[in-house]
Amino acid sequence: MAREIRLRPASPADVLSLSQLGNDSFVAKFGHLYRPEDLSSFLAEAYSPEAISAELANPDRLYCLATRDGRLAAYCKLALTCSFPEHARGQRTIELKQLYTAPDCTGQGIGAALMDWTLAEARARGADEIQLSVWSGNEGAQRFYARYGFGKVADVTFRVGSHIDDEFLFSLLLA
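Attention in this report is confined to the structure presented alongside it. No experiment lies behind these values; they were computed from the predicted model shown. (Residues numbered from 1 in each chain as written. Predicted model: local features only at pLDDT ≥ 70, side-chain atom pairs only at ≥ 80, totals over all residues. Heavy atoms only, no water.)

## As for the nonpolar core
Our working definition: Side-chain atoms within 4.5 Å are what join buried Ala, Val, Leu, Ile, Met, Phe, Trp, Tyr and Cys residues into a set we call a nonpolar core. Relative accessibility under 20% of the residue-type maximum defines a buried residue, over 50% an exposed one, and the middle range a partly exposed one, all with a 1.4 Å probe and only protein chains included. Throughout, a contact is declared for two residues whenever any of their heavy atoms are within 4.5 Å.
Counting 48 residues, the largest nonpolar core has F26, L96 and Y145 as its most contacted members. F26 has contacts with G31, Y34, L39, F42, L43, Y47, Y100 and V160, leaving out every residue within four places of it along the chain.

## Examining the side chain of E95
Note the cut-off: Strands are runs of DSSP state E lasting at least 2 residues, helices are runs of H or I lasting at least 4, and numbering of each runs from the N terminus.
Looking at the element boundaries, E95 is found in strand β4 (residues 93-101). Not counting residues up to four positions away in its chain, the partners in contact with E95 are K77, L78, A79, T81, C82, S83, F84 and Q131.

## Regarding the pairing of strand β2 (residues 61-68)
Our working rule: A pair of strands is labelled paired if DSSP reports no fewer than 2 bridges between them.
Within β2, eight of the eight residues are buried, leaving the element largely enclosed by the surrounding structure. Residues R61, Y63, L65 and T67 point to one face of β2 and L62, C64, A66 and R68 to the other, with burial holding for every one of them. For β2 and strand β3 (residues 71-79), the ladder comprises eight bridges, and the chain directions are antiparallel. Looking at β3, one finds that L62 is bridged to L78.

## Focus on the environment of N58
The test is simple: Polar contacts here mean pairs of N or O atoms no more than 3.5 Å apart (in protein, one a potential hydrogen donor and the other a potential acceptor; neighbouring residues in sequence count only if both atoms are side-chain atoms).
Locating N58 in the fold gives a position in the loop between α3 (49-57) and β2. Sequence separation between N58 and R143 is 85 residues, and the spatial gap between their C-alpha atoms is 30 Å. In terms of polar contacts, N58 uses its side chain to reach the backbone amide nitrogen of D60, at 2.8 Å.

## Quick notes on the pattern of salt bridges
Applied cut-off: Whenever a carboxyl oxygen of Asp or Glu lies within 4 Å of a side-chain nitrogen of Lys or Arg, that contact is scored as a salt bridge.
Per the counting criterion, the structure on display carries twelve salt bridges. Where R35 meets D38, a salt bridge forms, and the shortest distance between an N and an O atom there is 3.1 Å. A salt bridge links R89 to E129; the nearest nitrogen and oxygen atoms lie 3.6 Å apart. Linking R89 in the loop between β3 and β4 with E129 in strand β5 (residues 129-135), this pair joins segments that are 40 residues apart in sequence. Judged by relative accessible area, which is 45%, R89 ranks as partly exposed.

## Brief notes about the side chain of Q98
Examined against the element boundaries, Q98 turns out to sit in strand β4. Under the relative-accessibility criterion, Q98 is labelled buried at 11%. Of the polar contacts made by the side chain of Q98, one reaches the side chain of Y47; its length is 3.4 Å. Here Y75 takes part through its side chain, which lies 2.8 Å from a polar atom of the side chain of Q98. Not counting chain neighbours up to four residues away, the residues in contact with Q98 comprise Y47, Y75, C76 and K77.

## Thoughts on the environment of G161
Its place among the elements puts G161 in the loop between β6 (151-160) and β7 (163-173). Expressed as a C-alpha distance, the spacing of G161 and F42, which sit 119 residues apart in the sequence, is 5.2 Å. Each residue touching G161, except ones within four places of it in the same chain, is listed here: D38, S41 and F42.

## A word on the packing of aromatic side chains
Here is the rule we go by: Each Phe, Tyr or Trp ring (for Trp, its six-membered ring) is paired with any other whose centre lies within 6.5 Å, and the angle between the two planes then decides the class: stacked below 30 degrees, edge-to-face above 60, tilted in between.
Counting across every chain of the model gives 13 aromatic pairs. Ring plane angle 10 degrees and centroid distance 6.1 Å describe the contact between F26 and Y34, whose orientation is recorded as stacked. Y34 matches F26 in its accessibility class, with the two residues each being buried. Ring-pair connections join several aromatic residues into one group, and the members of that group are F26, F30, Y34, F42, Y47, Y63, Y75, Y100, W135 and F158.

See the structure below:
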């Protein structure tokens, strides 16, 4: 029997769960790519409870959490303004900053539920474009985003500690 996925907004009570899931998801997928000091620095900057609290308090950020059986299984974070305005093709471009699934919850339709929420939320807010950056070596994520109509528009970078990753900027124009 399929277990139900529930979507809901994040609250301050979710800080520790979001911090843990962010850490676990990033390390499981990318941890092997970095020197320990770069990884540690990045995780503290991006996923510490303090960093998550600040993001939740930022009015430019929207979180949607996916729970299953009462447990946080995944989340996504939208920025109402994009980080790459020089590559924007729309007049009101937002950015999907993160779409993270717990390592043991991938391939179960949770990412698709969050992407559906992302597209609906963007349209409801009057966005005409969504941008996201994806690591150049993450072909699975690139295929996932391509299924929704996203395509590469630029080469960008992403810093993890002192390490600089090559990333692709993907975009989707909304009708």
